[in-house]
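Topology and contacts: notes
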Amino acid sequence: MSRADVCVVACAEAWRGDGAILASFAGLIPRLGARLAQLTFSPDLLVTDGEATLLRDEQVEGWLPYRTVFTMVAAGTRHVMMGASQLDRFGNQNISCIGDWHRPKSQLLGVRGAPGNTVNHTTSYWVPRHSPRVFTPAVDMVSGIGHDRGAVEIRVVVTDLAVLDFATPDRSMRLRSVHPGVTVDDVVAATGFALTVPDQVPATREPTAAELALIAGHLDPHGAREREIR
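What counts and how
Residues numbered from 1 in each chain as written. Predicted model: local features only at pLDDT ≥ 70, side-chain atom pairs only at ≥ 80, totals over all residues. Heavy atoms only, no water. Core = buried A, V, L, I, M, F, W, Y, C linked by side-chain atoms within 4.5 Å. Buried < 20%, exposed > 50% of the residue type's maximum accessible area, 1.4 Å probe, protein only. Helix = DSSP H or I, 4+ residues; strand = E, 2+ residues; numbered from the N terminus. Contact = heavy atoms within 4.5 Å. Pairing = 2+ DSSP bridges. Arc of directions from axis to C-beta. Axes fitted to C-alpha atoms, helices over the stretch in contact; angles between N-to-C directions. Parallel < 35°, antiparallel > 145°, perpendicular 65-115°, else oblique. Left-handed = near helix turned anticlockwise from the far one by under 90°. Nonpolar A, V, L, I, M, F, W, Y, C, P; charged D, E, K, R; others polar. Phe/Tyr/Trp six-rings, centres within 6.5 Å; stacked < 30°, edge-to-face > 60°. Salt bridge = Lys/Arg side-chain N within 4 Å of Asp/Glu carboxyl O.

Details of the nonpolar core
In this structure, W15, I29, L36, L45, M81, W126 and V158 are the most contacted members of the largest nonpolar core, which totals 28 residues. When contributions to this core are tallied by element, the ones reaching two or more residues are α1 (3-14), β1 (22-25), α2 (28-39), β11 (153-159) and α6 (209-219). With 8 residues, the single largest contributor to this core is α1. Discounting chain neighbours no more than four positions away, the residues touching M81 are C11, A14, W15, S24, F25, A26, P30, S124, Y125, W126 and V158. A84, Y125, I154 and F193 belong to the second-largest nonpolar core, a separate cluster that totals 26 residues.

Right under this line is the structure:
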């Protein structure tokens, strides 16, 4: 078992109990997580190839034209796991620019679908390198809105160090679990704002033997997931 395997399972857990909704994702590890969830504890989950096809274990399951995705977004029947260049304590996300948006230091992707995602349906985030540059007191531009701006649900943030959620009275970020080999102090030091830290922080669930066999032997036999968190 590797840290990447733990991250795949943590991403899969984000979709547990979602039922027959569309799982969308940005990044290899979230994609593996969605496929793992569909093959194990969330069999009703709809997984897309990112274009126009619904897949089940790489076999075509249905047709999903782009216009239908917008229908699902508006209906709230989608849960996307996006990336984030910056996140603040309420889950406001930036993927647009670094620096003053009038004259940014770096131009990034632009807001993309982040505003529509966060006002319509559940959103989670995958951050492959947990650092104060990502977890910042204030984002330089709000792309996806956080709980203080009316987000429907920012469920979890999965990183290479931990799983974070927003199960606090003000819906600010909380440390849910630390990955095996990581300490609470490691996560606190890598976060640029004050996290809510419970008295007892459990370890993130490790993959079962069956899950590990699926990940390493079937979903990603060449180990590409290992490169995403290096």
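Quick word on the environment of E226
As for its placement among the helices and strands, E226 is situated in helix α7 (residues 225-228). Expressed as a C-alpha distance, the spacing of E226 and L28, which sit 198 residues apart in the sequence, is 10.0 Å. Leaving out residues up to four positions away in the same chain, E226 has contacts with S2, A4 and D5.

Examining the pairing of strand β3 (residues 53-56)
Where strand β2 (residues 46-48) lies against β3, 2 bridges are found, and the strand directions are antiparallel. Bridge pairing links T48 to L54 in β3. Here β2 folds back onto β3, and the loop between the two strands holds 4 residues, one of which, G50, carries a positive phi near 90°. Here β3 pairs with strand β4 (residues 59-63) via 4 bridges, running antiparallel. Residue L55 lies in a different strand from β4, and its bridge partner there is V60. Connecting the antiparallel pair β3 and β4 is a turn made up of 2 residues, with D57 showing a positive phi of about 55°.

Remarks on α6
For α6, every residue scored as buried is listed here: E211, I215 and L219. Along α6, the residues classed as buried sweep out an arc of 50° about the axis, all on the same side. Structural note: α6 exposes A209, A210 and G217 on the side pointing more than 90 degrees away from its buried face. Those residues of α6 that are buried lie in contact with α1, α2 and α7.

Considerations on the packing of α1 against α2
Contact geometry of α1 with α2 gives a least axis separation of 7 Å together with a crossing angle of 60°. As summarised for this structure, α1 and α2 are arranged oblique, according to the angle between their axes. By crossing handedness, the relation of α1 to α2 is classed as right-handed. Between α1 and α2, the contacting residues are A4, C7, V8, V9, C11 and A12 on the first element and I29, P30, L32, G33, L36 and A37 on the second. Residues that form the contact of α1 with α2 fall into these classes: 11 nonpolar, 1 polar and no charged.

So, the sheet that holds β1
Either a parallel or an antiparallel arrangement is found when strands of a sheet pair, and the pairing is made through backbone hydrogen bonds. Across the sheet, which stays open at both edges, the 9 strands sit in the order β4-β3-β2-β1-β5-β10-β11-β12-β13 with mixed pairing between neighbours. Whereas interior strands pair on both sides, the edge strands pair on one side only; in this sheet they are β4 and β13 (174-178). On average, each strand axis in the sheet is inclined to that of its neighbour by 30°, with strand direction left out of account. With 4 bridges connecting them, β1 and strand β5 (residues 78-82) associate as parallel partners. Following the sheet pairing, S24 is matched in β5 by V80. Running over the sheet, α2 touches β1, β2, β3, β4, β5 and β10 (122-127) and is turned about 160° from β1.

Overview of the packing of aromatic side chains
As enumerated under the stated definition, the model contains 2 aromatic pairs in all. Their ring planes at 85° and their centres at 5.1 Å tell us that Y66 and F70 sit as a pair that is edge-to-face. In this pair, Y66 and F70 are both assigned in helix α3 (residues 66-75), 4 residues apart and thus about one turn of the helix distant. By relative accessible area, Y66 is classed as exposed at 59%.

Description of the pattern of salt bridges
Inspection of the entire model under this criterion finds 14 salt bridges. Measuring nitrogen to oxygen at the nearest pair gives 2.8 Å for the salt bridge that ties R155 to D18. Here R155, found in strand β11, pairs with D18, found in the loop between α1 and β1; they are 137 residues apart in sequence, far enough to count as distant. A residue is classified by how much of its surface remains accessible, and D18, at 16% relative accessible area, is buried. E153 is the salt-bridge partner of R155, the closest N and O atoms lying 3.0 Å from each other. According to the relative accessible area criterion, E153 is partly exposed, its value standing at 25%. Each of the salt bridges in this network shares a partner with another, and the network as a whole consists of D5, D220, R225 and E226.

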